[in-house]
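Okay, here's what each chain looks like letter by letter:
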Amino acid sequence: MLCNPRVPDDFVNYRLLRLFALAGAPVVRLCEGRYGVTRREFRLLCLVVDGGPVSPSRLSELAHLDPARASRVIAALARKRLVRREVQDGDRRFALIAATREGVALHKELFPQIADINRGVVSVLDAGQVKALDQILSVLTRHAEVVNSSIVLDVGADRQRGRRSPDDDFA
């Protein structure tokens, strides 16, 4: 099936998207409904809490987001008082993004709940399957980076023309 797709549902990215949507739905409800943050905002908050103050450009790299999108997420987190910009050497162009006390508290409360959801999703796998899945995802991710840099380079994405939907995002 995956090696010789006959219908779109045979594509590995569609299968992963379906898993992402199903496993992510309770995370979205929890994050947005109970805590007022998006998954993407929480992801960036986790990176800042776990890694300490970081430049916006480095944060966008760590989150695998383009700088403009990362900037919008950082701004949203700052409006919610979960992160703050720490200006370096008095020059506003050079700042680090740091978690606030409220951001650290949110991380401490929300992360274990999301980890429980993750454990619930993978609980149907035995230890060997979990290890194999982890290895397979790593191999596929590394190879997808190679494929991404070598296929369909003669045309750029046109989101307006393609009528992109929010479901196209893997946050």
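Refer to the structure above for everything that follows.
So, here's what we can say about the structure. Throughout, residues of each chain are indexed from 1 in the direction in which the sequence is written. Local features in this predicted model are restricted to residues of pLDDT 70 or higher, and side-chain atom pairs are both shown and tallied only at a pLDDT of 80 or more, whereas totals for entire chains, interfaces and linings draw on every residue. With hydrogens and water stripped out, all remaining heavy atoms of the structure feed into the side-chain values.

### Points about the packing of aromatic side chains
- Aromatic contacts are taken between Phe, Tyr and Trp rings whose centres are within 6.5 Å, Trp giving its six-membered ring; a plane angle under 30 degrees counts as stacked, one over 60 as edge-to-face, and the others as tilted. This model, assessed by the stated rule, comprises 1 aromatic pair.
- The interplanar angle of 70° and the centroid separation of 5.2 Å between the aromatic rings of F11 and Y14 together place this pair among those described as edge-to-face.
- Relative accessible area decides the class of each residue, using a 1.4 Å probe on protein chains only: under 20% of the type maximum gives buried, over 50% gives exposed, and in between gives partly exposed. Accessibility expressed as a relative area gives 38% for Y14, which makes it partly exposed.

### Remarks on the packing of helix 2 (residues 39–51) against helix 5 (residues 101–122)
- Two elements in contact, helix 2 and helix 5, have axes separated by 10 Å at closest approach and are oriented at 115°. Relative to helix 5, helix 2 is oriented roughly perpendicular. Between helix 2 and helix 5 lies a crossing whose hand is left-handed. Touching F42, L45, C46, V49 and D50 of helix 2 are G103, V104, L106, H107, L110, F111 and I114, all from helix 5. Axes here mean lines fitted to C-alpha atoms, for a helix over just the part in contact, with angles spanning 0 to 180 degrees between N-to-C directions. Working definition: helices are DSSP H or I runs of at least four residues, strands are E runs of at least two. Numbering for both runs from the N terminus. Every angle not falling under 35 degrees, over 145, or within 65 to 115 is termed oblique; those three ranges are roughly parallel, roughly antiparallel and roughly perpendicular. Put simply, a crossing is left-handed when the front helix is turned counterclockwise from the back one by less than a right angle, and right-handed when it is turned clockwise. Only heavy atoms matter for contacts: two residues are in contact if any of them lie within 4.5 Å across the pair.

### A word on the side chain of T100
- By the secondary structure assignment, T100 is in the loop between strand 2 (91–99) and helix 5.
- Each polar contact in these results corresponds to two N or O atoms within 3.5 Å; when the atoms are within protein, one needs to be able to donate a hydrogen and the other to accept it, and residues that are neighboring in sequence are counted only if both atoms are side-chain atoms. A distance of 3.0 Å separates a polar side-chain atom of T100 from the backbone nitrogen of G103.
- Those residues in contact with T100 that sit more than four places away from it in its chain are R81, L82, V83 and R84.

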